[in-house]
Amino acid sequence: MTQAVAVHQSILTVRTREQGLHEITEAVAGELAKSKLGRGVATVFCRHTSCSLVIMENADDSARRDLEAWLNRLVPENDPHFEHTLEGPDDMPSHIKMALTRTSETVPFAEGRLLLGTWQGIFLWEHRRAPHTREVVVTFLA
Amino acid sequence: MTQAVAVHQSILTVRTREQGLHEITEAVAGELAKSKLGRGVATVFCRHTSCSLVIMENADDSARRDLEAWLNRLVPENDPHFEHTLEGPDDMPSHIKMALTRTSETVPFAEGRLLLGTWQGIFLWEHRRAPHTREVVVTFLA
Amino acid sequence: MTQAVAVHQSILTVRTREQGLHEITEAVAGELAKSKLGRGVATVFCRHTSCSLVIMENADDSARRDLEAWLNRLVPENDPHFEHTLEGPDDMPSHIKMALTRTSETVPFAEGRLLLGTWQGIFLWEHRRAPHTREVVVTFLA
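Residues numbered from 1 in each chain as written. Chains lettered and ligands numbered in written order. Predicted model: local features only at pLDDT ≥ 70, side-chain atom pairs only at ≥ 80, totals over all residues. Heavy atoms only, no water.

### Describing the pairing of strand β8 (residues 132-141) of chain B
All names here are of chain B.
Link 1 in the chain: Taking burial as the measure, the 10 residues of β8 include seven buried ones, the bulk of the element.
Link 2 in the chain: As judged from the 10 bridges shared by strand β1 (residues 7-16) and β8, these two strands associate in the antiparallel manner. From the neighbouring strand, Val-14 faces β8, where its bridge partner is Arg-134.
Link 3 in the chain: Taken together, the six bridges between strand β3 (residues 40-46) and β8 define a ladder with antiparallel strand orientation. Looking at the pairing, Cys-46 lines up with Val-136 of β8. (Buried < 20%, exposed > 50% of the residue type's maximum accessible area, 1.4 Å probe, protein only. Helix = DSSP H or I, 4+ residues; strand = E, 2+ residues; numbered from the N terminus. Pairing = 2+ DSSP bridges.)

### A look at the relation of the copies chain B and chain A
Link 1 in the chain: For the pair chain B and chain A, the relating rotation is 120°, the translation along its axis is 0.0 Å, and the fit reaches an RMSD of 0.0 Å. Between the two chains, the operation in question is that of a three-fold axis. (Least-squares fit on C-alpha atoms with pLDDT ≥ 70 in both.)

### Thoughts on the side chain of His-84 of chain C
Link 1 in the chain: Along the polypeptide, His-84 of chain C turns up in the loop between α2 (61-74) and α3 (91-100).
Link 2 in the chain: Engagement of the side chain of His-84 of chain C in a polar contact is seen with the side chain of Asp-60 of chain B, the distance being 3.2 Å. (Polar contact = N/O pair within 3.5 Å; in protein donor to acceptor, adjacent residues only side chain to side chain.)

### Looking at the interface of chain C and chain A
Link 1 in the chain: With 37 residues of chain C in contact, the opposing surface of chain A contributes 32 residues.
Link 2 in the chain: Between chain C and chain A, a total of about 2900 Å² is buried, with carbon and sulfur atoms accounting for 58% of that surface.
Link 3 in the chain: A per-residue breakdown of the area chain C buries against chain A is headed by Asp-66, Trp-70 and Arg-102 of chain C, which together make up 20% of the total.
Link 4 in the chain: Residue Arg-73 of chain C is joined to Asp-79 of chain A by a salt bridge in which the shortest nitrogen-to-oxygen separation is 3.2 Å.
Link 5 in the chain: In this assembly, chain C and chain A are joined by 19 residue pairs in polar contact (both at pLDDT 80 or more).
Link 6 in the chain: Going through the elements one at a time, β3 (40-46), β4 (51-57), α2 and β5 (104-110) of chain C are the ones with two or more residues in the side of chain C that touches chain A.
Link 7 in the chain: The dominant element in the side of chain C that touches chain A, judged by the number of residues it contributes, is α2 of chain C, at eight residues.
Link 8 in the chain: Among the residues making up the side of chain C that touches chain A, the classes are represented as 21 nonpolar, eight polar and eight charged. (Contact = heavy atoms within 4.5 Å. Buried area = accessible area lost by both parts, 1.4 Å probe. Salt bridge = Lys/Arg side-chain N within 4 Å of Asp/Glu carboxyl O. Nonpolar A, V, L, I, M, F, W, Y, C, P; charged D, E, K, R; others polar.)

Treat this as a map of the structure, not an account of what it does.
Now the structure itself:
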């Protein structure tokens, strides 16, 4: 189907407590509901270089724990090659983990609902150890 | 150039036989042709967390074989650290490989043709060993 | 806010001198200014499989150097497993590094300005050692 198009945009604030995956699916779906838009795409954008986005299984916690632990093994802290260490041992690994995952995602929707698969959730992945206030821009085109 | 905008959306079904890259460029281009749209972007979205998308060289098979083999070495099955193993040894590696590649891609088009580079193809990357039926949502904004 | 939508598209040419991150933020922002569009998303697409995109810290050079050096250690040249080596030792690593980073990015904008975070820049990541002329398609939907 083909229809006229509109833009709805807002900034979500995500308060992270520690390193790990923080689900934002409901927040994105809530903004979509506010927009009253029907069919189109939601673009999700992370405004930081030490956290990132990923669309991951939202059912079983163990899948997310294994994913995080695997990436921590791939990109360990205190790598003696690192020069950029002013903000601590989790500084440079956080940039690398960000680059290996995603800064932007584009998720389709129809009839006002995100067309995520059954097991998919949208997550902000905090790579720093300390709590942070993060901004995610959601823009709906429909 | 600046012009009015429209949305065309459909769901492609991809039947995978085994682990590996399955090209979907022609299927995406076919939907674009159906849409009759001229200039804009195609967004491609994979509705799963154990397969992913990648835009890769479509000419020489050896580049894809080397890419797959390299990622299999980076994320081997039977890692003793894995806790999420209920669906078999290819379960957790498939989620990790998905997270390291892409769930959504946005490809521009003009005059009704995808603006892919000469050597680029769009691929669904099946990370499970068994055959699966996969869904990819394509949404054209133009 | 909700408004009517339009499309503005152009192709940027990026001349790379060597392997590494080449910032294209100003070029993308310049095209946005030309478009006169207000609120929407910029989609950035790399038309190659041996270079890629990444949104990375644009302030401290050492973060980018560490990122590049880390990825070079993860994907070394002259891996004896590689079969696709006709174009030299940096050929296959360049495809793998591309697949691990990004081919497309979607960056929101408002009031004619990209909504990048304070420390974010958009970079074309050249993975080949020799100079190349690269094409990046930018499409603004607003």
